[in-house]
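# Structure assessment
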Amino acid sequence: MLIRLRGGHVVDPVNGVDGVADIYFEDGRIVAPPPGREPDEDHDVSGHIVMAGAIDIHSHIAGGNVNSARLLLPEMHRSIRARLAGTPLSTAKWSTFETGRLYAQMGFTTVVEPAVAPHHALHAHLELGDVPIIDKGALTVLGNDDFLLGALREGESETAIADYVAQTVEATGTLGLKCINPGGADAFKQNMRAFGLDEIVPFYGVTSRQIFKSLQKATQTVGIPHPLHLHMNNLGIAGNIETALATIDAAEGLPMHLAHVQFYAYGVDGKNAFSSAAPALAAKINANKNITVDVGAVMFGDTVTISSDVLRQFNSLSGAIPKKGVIFDGDANGGGVVPYAYRISNYYNAIQWAAGLELFLLIDDPLQVFFTTDHPNGGPFTTYPELFALLMSAELRARWMERLPADVLEMTTLPSINREYSLYEIALMSRAGPARLYGFADRGRLDAGSIADIAVYKQQTDKAGMFRNAAYVFKDGELVVRDGSVTRYTKGKTLRVRPGYDRAIEKRLDAYYDQLYGLSRSIFDVPEAALAGRSRYAEVACRK
Amino acid sequence: MVETSVEAMSNATLDGKSISSEDAYEQAAKILQAANFPLVAGLGADVAGAQAAILLAERLRGAFDHLASRDSLTDLEVVRSAGIFVTTPNEARVRADLALLVGSGLTGYWPAIFERLALDKETVHGGKTKRRVIWVGPKRGEAKIEGVEVETIPATEAELPGVLAALRARVGGRPTALSAAATKKLDAAAEALKSARFGVAVWAAAGLDSLMVEMLQGMITELNGTTRFTGVPIGGRSGATGVLQTSAWMTGFPPRTGFGRGYPEHDAWRFEARRLVESGEADAALWISAYDGEPPPWEDADIPVVTLGPPGAATKRGLFIAVGKPGENYDAVEFAQETSSMVLRRAKAPAELPTVAEAIAAISARFSEDLPC
Ligand SMILES: [Zn+2]
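This write-up is about the structure you can find in this document. (Residues numbered from 1 in each chain as written. Chains lettered and ligands numbered in written order. Predicted model: local features only at pLDDT ≥ 70, side-chain atom pairs only at ≥ 80, totals over all residues. Heavy atoms only, no water.)

What follows is about the overall build of chain A. Each helix and strand in chain A was counted, giving 16 helices and 26 strands. The C-alpha radius of gyration computed for chain A amounts to 23 Å, which stays within 12% of the reference 24 Å derived for 544 residues, consistent with globular compactness. Referenced to the eigenvectors of the C-alpha coordinate spread, the extents of chain A come out at roughly 70 × 60 × 45 Å. When burial is assessed residue by residue, chain A has 68% of its 544 residues classed as buried. A separation of at least 24 residues holds for 76% of the contacts in chain A among residues at least 6 apart in sequence. Only carbon and sulfur atoms are counted for the fraction: they give 52% of the accessible area of chain A, which is about 17200 Å². Placing the 51 positive and 61 negative side-chain charges of chain A at their respective mean positions leaves the two points 4 Å apart. (Helix = DSSP H or I, 4+ residues; strand = E, 2+ residues; numbered from the N terminus. Rg over C-alpha atoms; globule rule 2.2 N^0.38 Å. Buried < 20%, exposed > 50% of the residue type's maximum accessible area, 1.4 Å probe, protein only. Contact = heavy atoms within 4.5 Å. Areas by Shrake-Rupley, 256 points an atom, 1.4 Å probe, with all protein chains shown as cover. Lys, Arg positive; Asp, Glu negative; His and termini not counted. Charge placed at Lys NZ, Arg CZ, Asp CG, Glu CD.)

Below is the structure:
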């Protein structure tokens, strides 16, 4: 069936389009206007903005740690309304089903869960399989695993480490690699309570720097399109700007993605010895084109922090709101779940909010910066519309700033920044950039051949309202949202890469598991049969 | 003469008499669809079975519970009120230089416990050390582990809460109400806990109550002030932990959740299976116990009950449909105690029996059209 979206304002930065145009699609793909054929279905979308479906590059939506948060905090997600027909569990708050519905309603069609522990990959995929409509991807966490740390201690070859990385990513069915406080989780098991870039993991004799550099290199070597996704040391600590700057230097020009950098943009100025260092970080990012970042913006409200940085989460337990948390020492990283409330009247929280916005506004290239809140760590993904609105209006920001504690404004440059994102820049940051970052050739764009994942928003001055409720969303060419409501489910795919490697590593790993755990390594497999049709994989090509 | 008719092969019975699978599914669908507030209980199932069962409860606007919810909720109450420190049995195996075993019957709740924890071997991660093993409140003669010198702190079941409270107090340097001799023994244990590099407490909620688990976790929190200490919980029977996890991502809540209002509401008292049946609030039930055919906990249900269980577990009353044993008769995903993760168990003895999910799908396929999706 040929469908036409007629007369909308198309914003498609990949193809340099920013103006009124018609979009045609058929059998789930965008097609060139077919000469001499009338569309079978025609939607008048004049007065609307037409973009590719948005892609969230970093959002904790599935897996054991996310599930622990659900069980920890029943009081935070009481449901209040019945669902529509055809959408089972779509109003069950914090459920996988609600996640799919809420993302779709905002015009998001692809979301990446960034922290899958190899030994818990099957669990993560089972959850992703129960997220309807949207396509999913994930990142595999390495960097606190004994096999890698032992290999580095023994001075093993880069080839061996590359084989290990490629095998682990393939076995866990993900889009690449994330490294979370490299060595820090293991050091915490050995009773260290802080862990910096050049500190040594006891017993292994390797530093954080060595660990992530080896993973960064391996990621490049095996041709995974997404560069190493790094959660740096010292998250959330005053003065950690030094860690961030040094980490960027350590990348030595090679591609690397830094996660939720707002949490690393802190100086020690002012009477509270806590200030925004976002300008320095933004300048560094502007000067290092090999670096991409997502912001991890803080939005005020109650939330829960979910992180595989178990050391950091342990340290934040004392500030939990309400006072409870889960600390899980996993086989490698593990994780911590700690509830928290960001308050506009709290000096530290207000600095965090301002620092996040400064990063968005001071990083010049929208292809280098992504719009996350590190859901749910800085705020839930449902705050993205408000975030977009803040980026698009200096006046709106000024109104919010009036409500901040007065001394905050002296410790941030936010009041002096007039930049306002255009819709084109929003589309760059939320469509074109993410597709490029993950190597998606047919997403985040609207030219012929691309997947017909399309979001249509009614033009209005209330930008948050515009992005909160898409007028139409098409997933693989099927209408799934009308006027901000999901009316039926479709089944999304799970995107993965399959980097090549020398199969000899498998024998070595088999022996390693036998010896260490007295268990067959295959117990941790993620066979497609286990997903029983709930998840369908789609492959993203690796670089040759 | 051996009965080999299709009827007998169908593995379905009504009030003890063999009926065809087709009739059984048809009947089951009628019973469940006719109910105002049906209960899906037992839930002794693999992940796919639990997914199907929870979606069924949601579609019918009923409630669901697991047969070992009491044990899951014992730990969960502590999580929800104070939080928890946990690790995997494998991490304990490779790293824990001290194991504090709590309560009796641990090998009953988890037969392979000592094979997995390998306490007789030295630690591997963080350096090689011999382990120290302290067992609080074992049954007489129970505290024997091959190749391990087990120190015991005696406590009967009734004494265990007091002993745990006293141990926690001594870890924190606070006084206890115990005798000087008993306190001295506890002091030695407290000292051992504090000097562990990476200690683990191992317990089975089935043998404890929430207050004891909370005391244990409170002590672990204190120990983490100066060293590393964490816990290894032993989960409930019949797939309890896997079902708990599945329930959490599907609904946000553990079992004992109802959908009467069209969205999930969790209430450990209101949606307890036995109470719902005995109070008459549930007017039909689907009882699932695919692992071992455990019978329902309620007395004399006078409501229609559909049972899914292994072939040997046919009920004298009501409708029974045989299903395979997960991971035994069919490939099944379940939560593995030994890895503390979801795993695929390959069938060791494949059988021509439906899976729990297939049986539920067959029932659901026979609902009349006026039941919306
Ligand atoms: Zn994150």
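So that's the structure; there's more coming.
This brings us to the overall build of chain B. Secondary structure assignment for chain B yields 13 helices and 17 strands. The globule rule puts the C-alpha radius of gyration for 373 residues at 21 Å, and the 23 Å found for chain B is close to it. Looking at chain B residue by residue over its 373 residues, the buried ones come to 59%. Across chain B, contacts joining residues at least 24 apart in sequence account for 66% of those joining residues at least 6 apart. Working note: accessible area of chain B is about 14800 Å², and carbon and sulfur atoms make up 53% of it.

Let's shift gears to the coordination of the zinc ion. Residues and elements named next belong to chain A. Every protein donor of the zinc ion is listed here as His58 (NE2), His60 (NE2) and Asp374 (OD), and their distances to the metal cover 2.0 to 2.1 Å. Sequence positions of the donors to the zinc ion reduce to the motif H-x1-H-x313-D. Judged on exposure class, the residue His58 and its partner His60 are both buried. (Donors = N, O, S within 2.8 Å, 3.2 Å for Na, K, Ca; no water.)

So, on to the interface of chain B and chain A. Taken together, the contact pairs 60 residues of chain B with 59 residues of chain A. Carbon and sulfur atoms supply 59% of the area that chain B and chain A bury against each other, a total of about 4800 Å² over both sides. Interface area lost by chain B to chain A is led by B:Arg228, B:Trp249 and B:Tyr263, which between them contribute 14%. The interface formed by chain B and chain A contains four salt bridges. Between A:Asp186 and B:Arg95 there is a salt bridge, with its nearest N and O atoms 2.9 Å apart. Inspection of the chain B/chain A interface yields 28 residue pairs in polar contact (both at pLDDT 80 or more). With six residues, the single largest contributor to the side of chain B that touches chain A is helix α11 (residues 240–251) of chain B. Of the residues belonging to the side of chain B that touches chain A, the class tally is 25 nonpolar, 21 polar and 14 charged. (Buried area = accessible area lost by both parts, 1.4 Å probe. Salt bridge = Lys/Arg side-chain N within 4 Å of Asp/Glu carboxyl O. Polar contact = N/O pair within 3.5 Å; in protein donor to acceptor, adjacent residues only side chain to side chain. Nonpolar A, V, L, I, M, F, W, Y, C, P; charged D, E, K, R; others polar.)

The subject of this paragraph is the packing of helix α11 (residues 347–362) of chain A against helix α12 (residues 384–392) of chain A. Residues and elements named next belong to chain A. Running from amino to carboxyl end, α11 crosses α12 at an angle of 60°, the nearest separation of the two axes being 10 Å. Viewed along their axes, α11 and α12 adopt a mutual orientation that is oblique. Crossing of α11 over α12 shows right-handed handedness. Of α12, the residues touching α11 (which contributes Trp353, Leu357, Phe360 and Leu361) are Leu387, Leu390 and Leu391. Its residues assigned to classes, the contact of α11 with α12 shows seven nonpolar, no polar and no charged. (Axes fitted to C-alpha atoms, helices over the stretch in contact; angles between N-to-C directions. Parallel < 35°, antiparallel > 145°, perpendicular 65-115°, else oblique. Left-handed = near helix turned anticlockwise from the far one by under 90°.)

Of note, B:Gly252 is situated in the loop between α11 and β11 (257–258). Judged by relative accessible area, B:Gly252 falls into the buried class, the value being 1%. Distance in space between the C-alpha atoms of B:Gly252 and B:Pro264 is 8.1 Å, their sequence separation being twelve residues. Excluding anything up to four places from it in sequence, B:Gly252 contacts A:Arg70, A:His77, A:Lys93, A:Ser95 and B:Ser247.

The residue after A:Ile321, namely A:Pro322, is reached through a cis peptide bond having omega -10°. Relative to the elements of secondary structure, A:Pro322 occurs in the loop between α10 (310–316) and β18 (326–329). Backbone torsion omega between A:His375 and A:Pro376 reads -5°, so that peptide bond is classified as cis. One can find A:Pro376 in the loop between β20 (369–370) and α12. Its identity as a non-glycine residue notwithstanding, B:Leu43 has a phi of 55°, on the positive side. Looking at the element boundaries, B:Leu43 is found in strand β3 (residues 38–44). Given the relative accessible area of 0%, B:Leu43 is considered buried.

Going through the model one piece at a time under the given rule, you end up with 31 aromatic pairs over all chains. Against the face of A:Phe203 rests A:Arg153, its NZ or CZ located 5.0 Å from the ring centre. We note B:Arg95 situated over the ring of B:Phe198; from NZ or CZ to the ring centre the distance is 5.8 Å. (Phe/Tyr/Trp six-rings, centres within 6.5 Å; stacked < 30°, edge-to-face > 60°. Lys NZ or Arg CZ within 6 Å of the ring centre and 35° of its normal.)

Let us now look at the sheet that holds strand β1 (residues 12–14) of chain B. All names here are of chain B. An order of β2-β1-β15-β14-β13-β3-β4-β11-β12 is seen for the nine strands of this open sheet, with the pairing classed as mixed. Looking at which strands have only one partner, the edges of the open sheet turn out to be β2 (17–19) and β12 (265–266). Relative to strand β4 (residues 63–64), β3 runs parallel, the two being bridged by two bridges. Across the sheet, residue Val40 finds its bridge partner in β4, namely Phe64. Relative to the sheet, helix α3 (residues 47–59) contacts β3, β4 and β13 (284–289), its axis offset from that of β3 by approximately 170°. (Pairing = 2+ DSSP bridges.)

For the structure shown, the criterion picks out 55 salt bridges over all chains. A:Arg70 is the salt-bridge partner of A:Glu127, the closest N and O atoms lying 3.0 Å from each other. A residue pair is termed long-range when its members are at least 10 positions apart, and A:Glu127 in helix α3 (residues 121–129) and A:Arg70 in helix α1 (residues 64–72) qualify at 57 residues. Two residues, B:Arg237 and B:Asp71, come together in a salt bridge whose shortest N-O distance is 3.9 Å. Of the two residues, B:Arg237 sits in the loop between β10 (228–234) and α11 while B:Asp71 sits in helix α4 (residues 69–81), which places them 166 residues apart along the sequence. For B:Arg237, a relative accessible area of 40% gives the class partly exposed. Looking at B:Asp71, the relative accessible area reads 8%, which means it is buried.

With that settled, the discussion passes to the sheet that holds β18(A). The four strands are arranged β17(A)-β19(A)-β18(A)-β5(B) in an open sheet whose pairing can be described as mixed. The open sheet has two free edges, formed respectively by β17 (301–307) of chain A together with β5 (84–87) of chain B, since each of these has just one partner strand. Neighbour-to-neighbour, the strand axes of this sheet turn through a mean angle of 20°, independent of strand direction. Of the strand pairs in this sheet, β18(A) and strand β19 (residues 335–342) of chain A are connected by three bridges, and their pairing is antiparallel. Across the sheet, residue A:Val326 finds its bridge partner in β19(A), namely A:Val337.

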